[in-house]
Structure formats: C-alpha cells, structure tokens
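Listed below are the residues making up each chain.
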Amino acid sequence: KKLIVILLIALIAVAIAITFVVMLIRSELPQYSAILIPLGLILIYKLLIEYTKWKFSYIVVKDDSIEHYSRTGLFKENVTSLDFKNIQDVSYRQNGMMNIVSGSGIIVLQTSSGEFRFYDAKSVKSQYLKLKSMVSGADQEE
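Sequence order sets the numbering: in each chain, residues are counted from 1 along the sequence as written. Given that the model is predicted, a residue must reach a pLDDT of at least 70 before its local features are reported, and side-chain atom pairs must reach 80 or more before they are shown or counted; all residues, however, enter totals for whole chains, interfaces and linings. Just so you know, side-chain values use all the structure's heavy atoms and leave hydrogens and water out.

## Some details on the overall build of the protein chain
Next, step 1: Secondary structure elements are taken from DSSP: a helix is a run of H or I of four residues or more, a strand is a run of E of two residues or more, and numbering for both begins at the N terminus. Each helix and strand in the protein chain was counted, giving four helices and six strands.
Next, step 2: Element order for the protein chain, N to C, with α for helix and β for strand: α-α-β-β-β-β-α-β-β-α.
Next, step 3: A total of 142 residues make up the protein chain; the buried ones form 32% of that total.
Next, step 4: For the protein chain, contacts bridging at least 24 residues in sequence account for 39% of all contacts bridging at least 6.
Next, step 5: When the accessible surface of the protein chain is totalled, it reaches about 9,200 Å², and 62% of it is carbon and sulfur. Think of it in three bands: residues with accessible area under 20% of the maximum for their type are buried, residues over 50% are exposed, and the middle band is partly exposed, with areas taken using a 1.4 Å probe on protein chains only. Contact definition: two residues touch when any of their heavy atoms are within 4.5 Å. Computed with a 1.4 Å probe, the accessible areas rest on the Shrake-Rupley method; for each residue, only the protein chains presented here act as cover.

And the structure:
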C-alpha cells in the first residue's frame, strides 16, 4: 500500500511537469512554467532516488547476527554484519514524509565500538521489534 502511495506521488509530479511543459510550448503562462518545470523535475528525481534506495536496501536477520545490504549505485553494494552479542541497544528513526509514507527508516544499533546506522530499512517498526527481541534473547543466553 505504501509503495502505491509513493508511485502515485511520482505520477502526479510527472503529470504536473508534463502539463507545464505543454503550457510552455503553447506560450501559456511561460513565466510560471519556466520556474515550475525545473522544480517538478527535481521532485521527480528526488522521488526516484528515494525509491531506488528503498527498493534495494534490506536487512537479513539470522539466528545470531544481522546483515544489512544496501545498493548505493549500479555497481556498488555495501554489506554490514553484526553479531547480536555485540549489540547493546537498538533504536529506530523515521525522518520526513517519504519515510513515514513508505514505512522505512533508520535502525540504529549501539555497540561497545560505536553506533551502526542502517539507512532505508523497510518496515522499520517491525524490523526494530524483531531485532529488539533477538538482542534481548542473546543477552539472556549469556
């Protein structure tokens, strides 16, 4: 459902940009379309970048560790792996409208060596609750 909302916003932005291009070509409201076309194109670009980051970032929770995969370019993928025994605290954040609409966000894992942030985590609330229970379970085993 949330993906449909993102795509709907992108389609509306494309329709607005096309409308202003047509108005510019027909010489109707040229002063407004000259300003709004670049703004519409920037909005479309921003939405596509956010969608790409959201689509190709995911977290794999295993029995004893967590792995975060994120694609930041066509040929670049980052993988971060942490054992549950090294994690001291788990939290999450949702910044901005796009994160709230898509249900994505940032998962923050606190370890003794520092803080690890997993950006663009899908279903951030459910991932957080799952990680919190897994980390609590790892703490009780020790």
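## A look at the packing of aromatic side chains
Next, step 1: Working definition: a ring pair exists when centres of Phe, Tyr or Trp rings (six-membered ring for Trp) sit within 6.5 Å. Plane angles under 30 degrees give stacked, over 60 give edge-to-face, the rest tilted. Taken as a whole and judged by the stated rule, the model has one aromatic pair.
Next, step 2: Measuring from ring centre to ring centre gives 5.0 Å for Tyr92 and Tyr128, while their planes differ by 50°; the resulting arrangement is tilted. Of this pair, Tyr92 sits in strand β4 (residues 87-93) while Tyr128 sits in helix α4 (residues 124-141), and the two are 36 residues apart along the sequence.
Next, step 3: Taking the relative accessible area as the measure of exposure, Tyr92 reaches 28% and is therefore partly exposed.

## Examining the sheet that holds strand β2 (residues 65-71)
Strand pairing in a sheet relies on backbone hydrogen bonds. The paired strands run either parallel or antiparallel.
Next, step 1: If you walk across this open sheet you meet the three strands as β1-β2-β3, and the pairing is antiparallel. With partners counted over all chains shown, the strands left at the sheet margins are β1 (57-61) and β3 (77-83), one partner each. Looking at each pair of strands side by side, their axes are set apart by 15° on average, direction ignored.
Next, step 2: By the bridge criterion, seven bridges tie β2 to β3 in an arrangement that is antiparallel. Each residue of the ladder has a partner; that of Ser70, found in β3, is Asn78. Any two strands between which DSSP finds at least two bridges are classified as paired. Lines fitted to C-alpha atoms define the axes, with helix axes restricted to the stretch in contact, and inter-axis angles between N-to-C directions lie between 0 and 180 degrees.

## Let's talk about the nonpolar core
Next, step 1: Buried Ala, Val, Leu, Ile, Met, Phe, Trp, Tyr and Cys residues form a nonpolar core when they are joined through side-chain atoms within 4.5 Å. Counting 15 residues, the largest nonpolar core has Ile66, Ile87, Val90, Ile107, Leu109 and Leu131 as the members making the most contacts within it.
Next, step 2: Going through the elements one at a time, β1, β4, β5 (105-111), β6 (114-121) and α4 are the ones with two or more residues in this core.
Next, step 3: Looking at which element gives the most residues to this core, the answer is α4, with four residues.
Next, step 4: Other than its neighbours up to four places away in sequence, Leu131 contacts Val61, Ile66, Phe84, Val90, Ile107 and Leu109.
Next, step 5: Counting residues in hydrophobic clusters, the runner-up holds six residues, among them Ala10, Ala13, Leu47 and Met98.

## As for a nonpolar patch on the surface
Next, step 1: Patch definition: residues above 30% relative accessible area lacking any salt bridge, with like charges linked at up to 9 Å and the nonpolar side chains Val, Leu, Ile, Met, Phe, Trp and Tyr linked at up to 5 Å. We count a salt bridge whenever a side-chain nitrogen from Lys or Arg sits within 4 Å of a carboxyl oxygen from Asp or Glu. On the surface, Ile35, Leu36, Leu39 and Ile42 cluster together into a nonpolar patch covering about 370 Å² of accessible area.
Next, step 2: Topologically, Leu39 is positioned in helix α2 (residues 30-55).

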